Amino acid sequence: MDSYDTRGSTPRHSASSRLKDYFIGATPLQKRLESVRKQTSFIPTPPRRKIPQCSRLQEDNDPQKVAFLLHKQWTLYSLTPLYKFSYTNLKEYSRLLSAFIAAEKQKGLAVEVGEDFNIKVTFSTLLGMKGTQRDSEAFLVQILSKSQLPSENREHKVLWTGWFCCIFGDSLLETVSEDFTCVPLFLANGAETNTAIVGTWFQKTFDCYFSPLAINAFNLSWMAAMWTACKMDQYMAATEFLWSVPCSPQSLDISYAIHPEDAKALWDSVHKTPGEVTQEEVDLFMDCLYSHFHRHFKIHLSATRLVRVSTSVASAHTDGKIKCLWNCPDGMEFKKDLEEKRRW
Amino acid sequence: MLKEDCASELKVFSFFSHLARSLPLPSNMNRPRIDLIMFVVNLHSKYSLRNVEESLRHVDATFFLGKVGFLATGAGRESHCSVHRSTVVRLARTYRSPLLFCDPEVDGFRVPVAQRLVRMLQICAGHVPGVSALNLLSLLRSSENPTLEDL
């Protein structure tokens, strides 16, 4: 994601001719190189995306479990494949992680009087949170506090939630060997300290690496278009955009709210092919908004940076924070987008 | 900043660079012959891309034989990009012109890019014997994106 060409392909030339000499079979590393080379020799943007038809999400998922994922703000991280992770050992992992968290908290800087160290960690699988059969099963980690109340009223308060998923990770799966589990997207809700502790444990146990996932303006505009395209019976909130104007000394924020039905009407007038969303349609949708704004305020929004998009379906912020408001099958498409973008 | 680096590279020849927000340039001014046009696209701003696309229409066709280039800035800060990198790649391909990436804020990148621009300019101005702008263009084009069979 961080590398880019400054010199065309000259350095790649010599490197790849050397590599070719070592081609004796298709090990995972070579498969990975092949796929990277395939990606870089063509223009990589997929100009169109298929909106998945009512996917298996509807069949397998437990509506109660999925419902709790809504209306929470999730911070996104990108995760490298987990080494030797097994879905059968979830109880073991819960135990180990509880012990780790307790140990970490006890060696913390300040011990508050009355703080409850009775922390329980649960690992559970989330069925149905995947795009294709090949994707790894999503799983959920929760940190609960054990209350001091008598056993009849024992209610566990959820302190922190995190879930790992893999949606449409086909191109990643084909280059990864058997020992690795690919769950490239991690979403966390709760205190930052807990996220850091859980992250450290995962990194030590499964030799993986977390990095915060930022969503750039290009992807935010795609999300805005795709969420506006969702068919909704009832709109809860207006469609809002937030732009940040880079100017000194302080940056200026411009917020633009549209009635959701108007946004949908605009999208319908722009959208041509059913079941597919193209780059041109997204650009046209955004350009209409920009030109409307320019007509009224004489400000070129296209020269500013889109920072936040909020619709009735979901909202996303460039710092990698998303919130799902409605469980719509099309809404899961954006998770696929996030994974794809991660790989640029 | 890029301008100063270019100027410091060229010691023997006199070098004029003119920065314009958009084309066409006003016709009432007397200016020396234009040897090279570099279109700068800021990947953080869609507006700059639109501007460049508009300005391209005002350029005479003969310039596209090696005297036009694209410079894309801001690719280093991926999280701020509103324009996808492949959009500029496609643009450069459509106009059959070379594309350079540069982050003017980063010192290490500026100087090599300035050197490269100055070299291109010398060739386009005819100061390098044996190489013309069109030669340079065909050389640059053949080294872009080879297929696996060429390796």
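Just so we're clear, the structure is a prediction, and the values are computed from it rather than from any experiment.

Colleague: I keep staring at the overall build of chain A and nothing clicks. Help me out?
Modeller: When its secondary structure is counted, chain A shows 11 helices and 15 strands. Taking all 344 residues of chain A together, the buried fraction comes to 46%. Partitioning the intrachain contacts of chain A with sequence separation of at least 6 by distance along the chain shows that 69% fall at a separation of at least 24. Summed over its atoms, the accessible surface of chain A is roughly 17800 Å², and 54% of this surface lies on carbon and sulfur atoms.

Colleague: Help me understand the pairing of strand β2 (residues 73–79) of chain A in this model?
Modeller: Regular strands place their side chains on alternate faces of the sheet. All names here are of chain A. Across the seven residues that make up β2, a large majority, six, are buried. Inspection of the sheet shows β2 paired to strand β8 (residues 185–190) by four bridges, in the antiparallel sense. Bridge pairing links Y77 to F186 in β8. Here β2 runs beside strand β9 (residues 210–212); their pairing, made up of three bridges, is antiparallel. Bridging across to β9, Y77 finds its partner in P212.

Colleague: What exactly am I supposed to notice about the nonpolar core here?
Modeller: It is characteristic of soluble globular proteins that their nonpolar side chains tend to be buried jointly. Residues and elements named next belong to chain A. Counting 48 residues, the largest nonpolar core has W163, L187, F241, W243, Y256, M286 and L306 as the members making the most contacts within it. In terms of residues, this core owes the most to one element, helix α8 (residues 217–229), which gives 10 residues. Apart from residues lying up to four places away in sequence, F241 is in contact with A224, I254, S255, Y256, I258, M286, L289, L306, R308 and V309. Counting residues in hydrophobic clusters, the runner-up holds 28 residues, among them L97, F139, C166 and F210.

Colleague: Mind showing me how you'd approach the sheet that holds strand β1 (residues 37–42) of chain B here?
Modeller: Residue and element names in this part refer to chain B. Read from one edge of the open sheet, three strands run β1-β2-β3, paired in parallel fashion. Across the chains shown, the open sheet's two edge strands, defined by having one partner strand only, are β1 and β3 (99–102). For this sheet, the mean inter-axis angle between neighbouring strands, taken without regard to orientation, is 25°. With six bridges connecting them, β1 and strand β2 (residues 68–73) associate as parallel partners. Among the inter-strand pairings, N42 is bridged to a residue of β2, identified as T73. Running at roughly 155° to β1, helix α2 (residues 46–56) makes contact with β1 and β2 of the sheet. Taken strand by strand, helix α3 (residues 85–94) contacts β1, β2 and β3, and its axis lies near 150° from that of β3.

Colleague: Help me understand the pattern of salt bridges, please; the structure alone is not making it clear to me.
Modeller: It is possible for side chains of opposite charge to pair when their charged atoms get near one another. Across all of its chains, the model carries eight salt bridges over all chains by this definition. Ionic pairing is found between D283 of chain A and K46 of chain B, a salt bridge with its closest N-O pair at 3.4 Å. A residue pair is termed interchain when its members come from two chains, as with D283 of chain A in helix α10 (residues 279–297) and K46 of chain B in helix α2. Among the residues examined, D283 of chain A registers a relative accessible area of 22% and is labelled partly exposed. What makes K46 of chain B buried here is its relative accessible area of 8%. Linking R50 of chain B and E53 of chain B is a salt bridge whose minimum nitrogen-to-oxygen distance equals 3.4 Å. Separated by three residues within a single helix, R50 of chain B and E53 of chain B lie in helix α2, roughly one turn from each other. By relative accessible area, which is 29% here, R50 of chain B ends up partly exposed. Note on E53 of chain B: relative accessible area 31%, which makes it partly exposed. Several salt bridges share partner residues, and in doing so they unite D287 of chain A together with R50 and E53 of chain B into one network.

Colleague: Would you take a moment to explain the confidence of the model for chain A for this structure?
Modeller: The predicted coordinates ought not to be read in detail in places where the model reports low pLDDT. Mean pLDDT for chain A: 74, with 68% of residues reaching 70 or above. Contacts from residues 1–25 of chain A, a stretch scored under 50 in pLDDT, to residues over four places away or in other chains number 36 contacts.

Colleague: Help me understand α3 of chain B, please; the structure alone is not making it clear to me.
Modeller: Since the α-helix advances by 3.6 residues per turn, residues separated by three or four positions end up pointing in the same direction. Residue and element names in this part refer to chain B. Taken together, the buried positions of α3 are S86, V88, L91 and A92. The inward-facing, buried residues of α3 contact β1, α2, β2 and β3. Backbone geometry just downstream of α3 places R96 in the positive-phi region, at approximately 55°.

Colleague: How should I be thinking about the environment of Q279 of chain A in this particular structure?
Modeller: Residues and elements named next belong to chain A. In this fold, Q279 is placed in helix α10. By relative accessible area, which is 11% here, Q279 ends up buried. When the C-alpha atoms of Q279 and W222 are compared, they prove to be 8.2 Å apart, with 57 residues separating the residues in sequence.

Colleague: How should the packing of helix α5 (residues 90–106) of chain A against helix α7 (residues 192–206) of chain A be read in this particular structure?
Modeller: How two helices sit against one another is set out by the angle between their axes and by the gap between those axes. Residues and elements named next belong to chain A. Where α5 contacts α7, the axes come no closer than 10 Å and their chain directions differ by 125°. The angle between the axes of α5 and α7 places the two elements in the oblique class. Note on packing geometry: the crossing formed by α5 with α7 is right-handed. Contact residues: α5 offers Y93, L96, L97, F100, I101, E104 and K105, while α7 offers N194, I197, V198, T200, W201, K204 and F206.

Colleague: In this structure, what is going on with the confidence of the model for chain B? I would like to understand it.
Modeller: Residue and element names in this part refer to chain B. Looking at chain B as a whole, its pLDDT mean stands at 78, while 81% of the residues score no less than 70. Taking the mean pLDDT of every element in chain B, the minimum, 53, falls on helix α1 (residues 2–9) and the maximum, 89, on β2. For residues 8–12, every residue scores under 50 in pLDDT, and the model assigns this stretch five contacts once sequence neighbours within four places are set aside. Counting interchain partners and residues more than four positions distant, the pLDDT-below-50 stretch residues 146–151 has seven contacts.

What counts, and where the lines are drawn
Residues numbered from 1 in each chain as written. Chains lettered and ligands numbered in written order. Predicted model: local features only at pLDDT ≥ 70, side-chain atom pairs only at ≥ 80, totals over all residues. Heavy atoms only, no water. Helix = DSSP H or I, 4+ residues; strand = E, 2+ residues; numbered from the N terminus. Buried < 20%, exposed > 50% of the residue type's maximum accessible area, 1.4 Å probe, protein only. Contact = heavy atoms within 4.5 Å. Areas by Shrake-Rupley, 256 points an atom, 1.4 Å probe, with all protein chains shown as cover. Pairing = 2+ DSSP bridges. Core = buried A, V, L, I, M, F, W, Y, C linked by side-chain atoms within 4.5 Å. Axes fitted to C-alpha atoms, helices over the stretch in contact; angles between N-to-C directions. Salt bridge = Lys/Arg side-chain N within 4 Å of Asp/Glu carboxyl O. pLDDT = per-residue confidence, 0-100. Parallel < 35°, antiparallel > 145°, perpendicular 65-115°, else oblique. Left-handed = near helix turned anticlockwise from the far one by under 90°.

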